[in-house]
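Summary of the model geometry
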Amino acid sequence: MYRKFKKRANPQKPLNAIDENTTYKVPRISSVDKTDDEIAAFVPESEEDNIPASQEQTQRFLSQHSIALAATLGRTQSSSKINCSRQPNSFFEMVLINAGVQLDNGDTFVLSCDHIAIVAKLRDILVRSPKYPDNIETFKAGLNVALAPKSKIAQKLLSGCTIDTAGEEQAYQSQNSMFINFLMIDFLREPCLDVLFNKIEEIAKLDRVQTTPGCLPLLPLMLAQLRYLTLSHSDQIYIHIERIFNNGSESSKLDIISNAEFVLDASKHDDFVDLLIINYSSNKDLFHLGTVQMLSNLSLSARTQGKLRERILEFIKEDSSCSNVILPHLIRLLLNSLNQDTDDIVRQLVSTLREIFNWRHRARSNDSTEMVRPTSNDKHSQLELFGFLQQGLRRSKRFYQIWQRTIGGLPATEFRSFDFIMMLLLININEDNTLYIENLLRRRIKLEHMTVEILDEARTYFSHVLEQHIQVLMHILHDFVREKNRIVAEFAKSAYSILFKICNSIQKNILKKLLELTFDKSAQHVTTMALILMRELQRKNPKHVQNCAMLLLPLLDRLSDLTLPQTRLAMDLLCHIAFPEPKLTECAPLQDQIEMVVKKQQINCSEYVKKQGIIGCVQLIDAVARIETIIMDNEDLQTSVESITSLPDGRSKQAANLIMLTQSAIRNSPELLALFYDELASVLTVRHYNAESAYMLDNKFLIWLCELMTYRFQQSFVSEHQASTIKGIQLEYQKNINELDETNVNTESEVLSIGINVSELVLAPNGDASCSIFVLAPLFNLVSVLHNQRYQYSLEVINALLGCAIILPSFFDDANYVAIFDNYDEDLQKQILNIYFHTVNWIRVTICAFASQKHGATRKRVLMRLADLICIEQRLKLLLSHAPVGFVPPPCQFLNTPKQTGAQQGSRDKRQAGKTKAVNNETVGETEDQQVGNQSKLGNFTIKLGSCKSVKCKIDFEHLYGPLERYRQLDVGIILLLKEEPFTLNHPMETEENGTHLGLLELRFILTDLVHKLGTVINGHQDVSEMDSLRSHVAKPEHFMCDLQECLGEISTLLKTLASHIDEQLGKVNNVHSNLDLFKDKFNYVKTCFGLCIHLFALYFSWNEWTDKSQAQLLQSSLRNALPEEQRKTIKKQSVANIASKVFDYFLKFEKSVLHIGTAVQLQRLLRSLRKLSYSPGENAARRAVQQAEEIRKTCTIMLKRKWFNHTGSLEKGAQCNIHLDELVKGFLKDSPFERQKDILSDLKEECGLLNKKDKALDSFPNIKKANFPLLFRGLCEILITTLSAQCNTDTDGDRFKLWESTISLLNGLLDIVQKVEQPRNFALFLKHSQLFLKLLLQHGLPVLETIVRDSPERLIKFLSELQNVTKFLHNLCCHSKSIKNTAIICYIPSLRETLETLVFRVKALLAANKCHAAFHISILDNKDLHGDAIRTPAGSFANETNSDEEIPADDTSVDETVLDENVTTTSVSSSTRRSTINRSKSSSRSKCF
């Protein structure tokens, strides 16, 4: 069988007979002589003769294996070092010794030559023996003894050998064992296998096998010997392994499992898995780590993989805390299904993987213990798991595509953090799909399927893989943050905050990206958002941002390109990094650079740069002086600091020097001084109000600054001298409401006689900038802020300023003030108007300052001042209608540049063209300073103006302020008036209620301001150049929301009171909404305040920060306060979702009290926000969400069916009304199933004929006329396509063709409406959405048609016939539009024609594949208009126009790229005039064509 050897010249003597019972001494022959003589006799004839062709496959493999060893090791001579130290104890040992094996040297056998030579020697010794083949049994018996568990040479037989050949300096280790050499001899193979199987079975039954200490277990070594016989002895090996496995111990089974992949042939892998499944009924025992690793390496059939898939799912569900170590290997095992790579198997695999991760997600949600949360030790397991998934995605294109398609079609409720991670993996593997997946993610964010909570879950549970793919995510967020869509941009902003907490490398990366965004000059809002985000990161993570201080140094070079609010944000960030809290390390290089830049800006000749220097210096002062941690005690309250020299050296003195330096630089400009005081007050208010850190202003510095500013205010604006006459205007002290009572009996009478010098500073300014009237309100604001902080929210020291007199013209409160005003020249008229404006601003700032005081007399004076303020603003409203042309109100904020002011002045000049007209007759769009609301009522009166006509003041209940009424913004302290003061419905109020109650006018005033502030916070309405940006509610909205939460209970009570009054009045008029009693002034104020309350709640609960877990407690308190007081105590321990559900039901009851369409829209928005907040996982929550959606639809239906009137009693109409109607229509149709759409269309088709009559409206929807009917029609088209797209992306069993039958029926219903009501805009809407339907039909519908074409041809005929009606109308519409040159529709023609041609040829191919091509006919359609009349078109004109490149528009931006698959192919047609026809009969006619 092996090599053919030449015979020796001198034949060797035969061996002596051996008696096993006695010991023989064998004469030792020189090792060199013996082995040289033996080996010299074996001279191979040729390589080809070494391996006879008649050998079996396994034998040929073993022979080839031996030749490979020979090629590696080389033919060598016997070692001269072999010297056996002991005599052989058996025939087996003697054979080994004679073959050149040293038995007792070290831990392995030492061979004198390579394996090939050893095999040849063994074979020759056994064959040449006289007792051959009987000696084989003797050899077998010796082998059996040698393989005993306690045998000394058993380990050596089964492990590798040491080869020590002659001529080599060093011996080397061979991996092949001596037992493998036995198996290479044909006549020894079977006896050795018998011995091996017996020993395996014997050892496998033992629980513990006693082996030599330090040696490996025998069973794995024995099993390893079978790997070379796997193919030839597959059946024999499996039979023995099965028997051994069934009878073996648990430890032996594990050894068999670990070696199964090498021992068993591939054809036996399925049988072995079945054996495992039978033996291990417990999933935990089956999916041992070693077992899973072995199963992953087997070649299994689809049937077996299906069994394992089911067991794996059971295992995950039984043990949700499945070890993170074993999970990656389970996933790897599942990925073996990709070997089949068929659609069904891959789709099932994707579903299984999602189910596993979703189950673990639910387990984590239900278990709050730490054992289910990832630890730092699972990084390797997590990366290994997703590494296997990445390998699968790279390995199978089908797996990649199906996973991508699955994520694209997931319903909103099924999208999880795991799907988000998979999207990152898909982008990382194939960057060509980045745009598609980005659009997919963008669409889900817009629809709020992908929320911040999902990203937070991804950071929590997949932090390591998220860190690995952070570059991909940062690229996506970099694009999202530039989005104009607010939801997408806010998501990106929140994502940066969440990712910042993962690791240090990501923190630097995020800061670099945000810094890069600040250098983007193309979009100011992006720069602002990046700066805001960096500032928030610095406040929440000061230590981490401090480590990257020098990274932000280039931001100083960018200051010249920033707006003033952006400059404030940038300097806030940089200053608090350069001068951090004392516990952090200061950044000296950044400090030097900031101080140098600020000083240069303040001495710059440009006013804009100076303003930047003021803003930067204020931020620097705040950062430098904030070093105090101890609250000022009573002794410090009496302490006085006379000058800067009295301040201690350090940061407090440095801050004081900066204040003096800034004042000296701007001492000649009152506007800049006012800006400086406003900025300083705002920063100190925000910092103290927020209490973000334990550090406050240095006490000595605060005392010095408070005394300094109080003294300056007293010297500049507090007057005690007798008022005089200036420019013919008699001045006098007015509006003094200070009086002596028991609380101020000890007060000097001189203090009660002081006044604020407003008129003199306006009419005769003294030229000193520090005494300018512009500085009055800002400086007092700063003084009140400093006193609040020094005296711990007490303003007792300056409370005389609240009710003190004001120096005003004597006619200020005169009944004929308008006539007197008209008698002055234009210059004096402008100055008088300025006096009114400055008076209003002064009263506003004092009301806000003292609104927080608890003293009863002070609170009474605040309410009296508030009533006086409302009266003055109404008087000023009428005066503004008589203002001179070109009048510009005095600045109430000082951030605008002169260029901006000039532009505003020009626009105001145009508005003042007719000064005798009523100021509020027209509706004015909302501006950056305008607050939405209604104006207070001023009694109707007539004034004689010489030759002028009488003027009647008309109340505008829509807007409280006109375009010229630009007043100083109220601070957030105004909220306290709602909380502390009682409310009365009397209008006008009773005398005893003045100063003690809030009336309708005061309530409207306060609610209007709060709604404006909330709109600024929620919707981001503030302009980047507006002073609002430094207000506390904008700088720190969460604290404003927290304060507002405290007043929600009072607002809810007010809402209930107002609703009860409205319901009472409706009952009196029998619910006739057009009754004139419902449009009286008092009731209009009630309706307005009711609408403002609903608007406030709608804005409050739509705050996007409610999704942040840190706001959970605030949200719970807010929801509880929104309920009536009797319900609050019963829900303290309930979840947020349950409370939100109760609040939803509570506000739903106010539907009948809504009498204005704007309030109806706000109520709908409020209900949607509450529905979102009441969502939580679980079946009950899902049913609740469906029920709430139905309630919202019912509410919108009621609102649409109601006739709406404005505050004058006229029917609502106009652009704003249409905007409200459009939102109600969307709510009315949202998530409507096909059955409801069908009912709506059926009713609409019966009524729509009324719209063709003049000034007629629909009976069902009284506010819908022909002019605004496209609002309703667009909603019907959109819901049809949205529903169809959602149904196409869900896998549902059953008759899928019913979906397309229902859709085409609805589309024909829309076609009937279009034909009945010929409205040009409806034509474009129908064409656009019909094209979307056709594209969805091409992508999802044609595969469904293939299943129906044979089963139900009559259904297919009906479907194609209804489709033909639509396409025929589209053809006529396009022809008609081209004839009348309607460009709105012409732009759709090229893409529509391409879609129709693709549809024709796809349908033709479908019918041909089913041998129905005879039913398909192509012909040319006639050019007809919408009425069926032929259109005469010059020859060739149609083709020339439609084929011109200039008329081919860009891709339709309204088509979502994630809806249509990239696989939809189009077919171009050479003839542009060719049209197609589908007909079931062979005879074609022009009436039945496409």
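These numbers come from a predicted model, not from an experiment.

Conventions used here
Residues numbered from 1 in each chain as written. Predicted model: local features only at pLDDT ≥ 70, side-chain atom pairs only at ≥ 80, totals over all residues. Heavy atoms only, no water. Helix = DSSP H or I, 4+ residues; strand = E, 2+ residues; numbered from the N terminus. Buried < 20%, exposed > 50% of the residue type's maximum accessible area, 1.4 Å probe, protein only. Contact = heavy atoms within 4.5 Å. Areas by Shrake-Rupley, 256 points an atom, 1.4 Å probe, with all protein chains shown as cover. pLDDT = per-residue confidence, 0-100. Pairing = 2+ DSSP bridges. Axes fitted to C-alpha atoms, helices over the stretch in contact; angles between N-to-C directions. Core = buried A, V, L, I, M, F, W, Y, C linked by side-chain atoms within 4.5 Å. Salt bridge = Lys/Arg side-chain N within 4 Å of Asp/Glu carboxyl O. Parallel < 35°, antiparallel > 145°, perpendicular 65-115°, else oblique. Patch = residues over 30% accessible without salt bridge, like charges linked within 9 Å, V, L, I, M, F, W, Y side chains within 5 Å. Lys, Arg positive; Asp, Glu negative; His and termini not counted. Charge placed at Lys NZ, Arg CZ, Asp CG, Glu CD. Bend = angle between axes of the 7 residues up to and from the residue. Polar contact = N/O pair within 3.5 Å; in protein donor to acceptor, adjacent residues only side chain to side chain. Phe/Tyr/Trp six-rings, centres within 6.5 Å; stacked < 30°, edge-to-face > 60°. Lys NZ or Arg CZ within 6 Å of the ring centre and 35° of its normal. Expected span 1.5 Å × (residues − 1). Nonpolar A, V, L, I, M, F, W, Y, C, P; charged D, E, K, R; others polar.

Moving on, we come to the overall build of the protein chain. The secondary structure content of the protein chain amounts to 62 helices and 13 strands. Across the 1490 residues in the protein chain, those meeting the buried criterion constitute 56%. Contacts in the protein chain between residues at least 24 apart in sequence constitute 77% of all its contacts with a sequence separation of at least 6. Carbon and sulfur atoms make up 49% of the accessible area of the protein chain, which totals about 65400 Å².

Residues at a pLDDT of 70 or more form 80% of the protein chain, whose mean pLDDT is 79. This model gives residues 368–376 a pLDDT under 50, and the stretch forms 9 contacts once residues within four places in sequence are excluded. Segment residues 1434–1490 is flagged for pLDDT under 50; beyond a separation of four residues in sequence, or across chains, it makes 118 contacts in the model.

We now examine the sheet that holds strand 2 (residues 110–111). As summarised here, the arrangement of the 4 strands in space is 1-2-3-4, forming an open sheet in which the pairing is mixed. Only two strands of the sheet have a single neighbouring strand rather than two, namely strand 1 (101–102) and strand 4 (172–177). As paired elements, strand 2 and strand 3 (residues 160–163) share 2 bridges and run parallel to each other. When the bridges of strand 3 are listed, V110 appears paired with T162. The strands touched by helix 4 (residues 115–128) within the sheet are strand 1, strand 2, strand 3 and strand 4, with strand 4 carrying the most contacts at an inclination of about 50°.

With an omega of 10°, the peptide bond running from Y132 to P133 counts as cis. Mapped onto the elements of the fold, P133 is located in the loop between helix 4 and helix 5 (134–146). Residue P988 follows H987 across a cis peptide bond; omega there is -5°. In this fold, P988 is placed in the loop between helix 44 (976–980) and helix 45 (1000–1019). Of note in the backbone geometry, N1071 takes a positive phi value of approximately 60° without being a glycine. Residue placement: N1071 occurs in the loop between helix 47 (1037–1068) and helix 48 (1081–1100). Within the chain, D1255 stands out as a residue other than glycine whose phi angle is a positive 55°.

Let us now look at the nonpolar core. With 447 residues, the main nonpolar core has M178, F182, F272, F420 and F1147 as its most contacted residues. Setting aside anything within four residues of it in sequence, one finds F420 in contact with F415, L441, M450, L455, A458, L466 and L473.

In the structure shown here, the tally under the stated rule is 45 salt bridges. Among the ionic pairs, D419 bridges to R354, the shortest N-O distance being 2.8 Å. Placement of D419 in helix 20 (residues 417–429) and of R354 in helix 17 (residues 343–366) is noted, with a sequence separation of 65 residues between them. Of the two residues, D419 and R354, neither departs from the other in class, the shared state being buried. Between D520 and R482 there is a salt bridge whose closest N-O contact spans 2.4 Å.

To characterise two packed helices, one gives the angle between the axes of the helices and the distance between these axes. Interaxial distance between helix 30 (residues 588–602) and helix 33 (residues 651–665) falls to 10 Å at its minimum, and their mutual angle equals 20°. As the angle between them shows, helix 30 and helix 33 are arranged roughly parallel. Contacts between helix 30 and helix 33 involve E595, K599 and Q602 from the former and Q654, L661, T662 and A665 from the latter.

On the surface, E1235, D1239, D1243 and E1246 cluster together into a negatively charged patch. Within the secondary structure, D1239 is located in helix 55 (residues 1234–1247). You can call D1239 partly exposed: its relative accessible area is 48%.

We now examine the pairing of strand 3. In strand 3, alternate side chains face the same way, and those of G160 and T162 on one face and C161 and I163 on the other are all buried. Sheet topology note: the strand 3/strand 4 ladder contains 4 bridges and is antiparallel. Within the sheet, the bridge partner assigned to G160 lies in strand 4 and is S177.

One can find P809 in strand 11 (residues 805–809). When the C-alpha positions of P809 and Y836 are compared, they lie 9.8 Å apart, and in sequence the two are 27 residues distant. With sequence-adjacent residues up to four places away left out, P809 is seen in contact with I729, Q730, L731, Q734, S759 and I835.

A word on helix 58 (residues 1320–1348). At G1341, helix 58 is bent by approximately 55°, the largest bend along its length, and proline P1343 sits one to four residues beyond. Most of helix 58 is tucked away, with 22 of its 29 residues classed as buried. The distance from a side-chain oxygen at the start of helix 58 to the backbone nitrogen of R1321 is 3.0 Å, and the residue carrying that oxygen is Q1319.

Moving on, we come to the pairing of strand 9 (residues 729–734). Both strand 8 (residues 725–726) and strand 9 contribute to a ladder of 2 bridges, which runs antiparallel. Note that in strand 9 the partner of I726 across the bridge is I729. The antiparallel pairing of strand 8 with strand 9 creates a hairpin that spans 2 residues between the two strands, and K727 there sits at a positive phi of about 55°. In this sheet, strand 11 lies alongside strand 9 in antiparallel orientation, the contact comprising 4 bridges. Looking at strand 11, one finds that Y733 is bridged to I807.

A word on the packing of aromatic side chains. Applying the stated criterion to the full structure yields 45 aromatic pairs. A centroid spacing of 6.1 Å and a plane angle of 15° characterise the contact between F713 and W842, whose relative ring orientation is stacked. Here F713 is found in helix 35 (residues 699–717), whereas its partner W842 is found in helix 41 (residues 826–850), with 129 residues between them in sequence. As far as burial versus exposure is concerned, F713 and W842 are alike and both buried. Aromatic ring contacts, followed pair by pair, group F1090, F1097, Y1100, F1101, W1103, W1106, Y1146, F1147 and F1150 into a single cluster. The ring of F262 has R227 lying over it, and the distance from NZ or CZ to the ring centre is 4.9 Å. Between R1236 and the ring centre of F1228, over which it is positioned, the NZ or CZ distance is 4.8 Å.

Our next topic: the sheet that holds strand 8. Read across the sheet, 5 strands follow the order 7-10-11-9-8 without closing on themselves; strand pairing throughout is mixed. Each of the sheet's edge strands pairs with one partner strand only, and the pair in question is strand 7 (718–719) and strand 8. Against the sheet, helix 41 makes contact with strand 9, strand 10 (755–756) and strand 11, and its axis sits at roughly 165° relative to strand 11, the strand it touches most.

Attention now moves to helix 29 (residues 564–578). Here helix 29 is 15 residues long and its end C-alpha atoms lie 20 Å apart, about the 21 Å a rise of 1.5 Å per residue gives. Counted residue by residue, helix 29 has 15 buried out of 15 residues, so it is predominantly covered.

Turning to the packing of helix 4 against helix 8 (residues 186–204), a few remarks are in order. In the contact formed by helix 4 and helix 8, the axes pass within 10 Å of each other and the chain directions differ by 90°. With respect to each other, helix 4 and helix 8 are oriented roughly perpendicular. The segment helix 4 lies against helix 8, with R123, L126 and V127 engaging D186, F187 and L188. Residues of the contact of helix 4 with helix 8, tallied by class, amount to 4 nonpolar, no polar and 2 charged.

Looking at the secondary structure, you find S1176 in the loop between helix 52 (1157–1173) and helix 53 (1179–1200). In the structure, S1176 is positioned 41 residues away from S1135 in sequence and 9.7 Å away in space, judged by C-alpha atoms.

Turning to the side chain of S1052, a few remarks are in order. Take S1052: it is sitting in helix 47. Take S1052: its relative accessible area is 2%, and that puts it in the buried class. Residues contacting S1052, with those up to four places away along its chain left out, are F1097, N1121, A1122, L1123, P1124 and Y1146.

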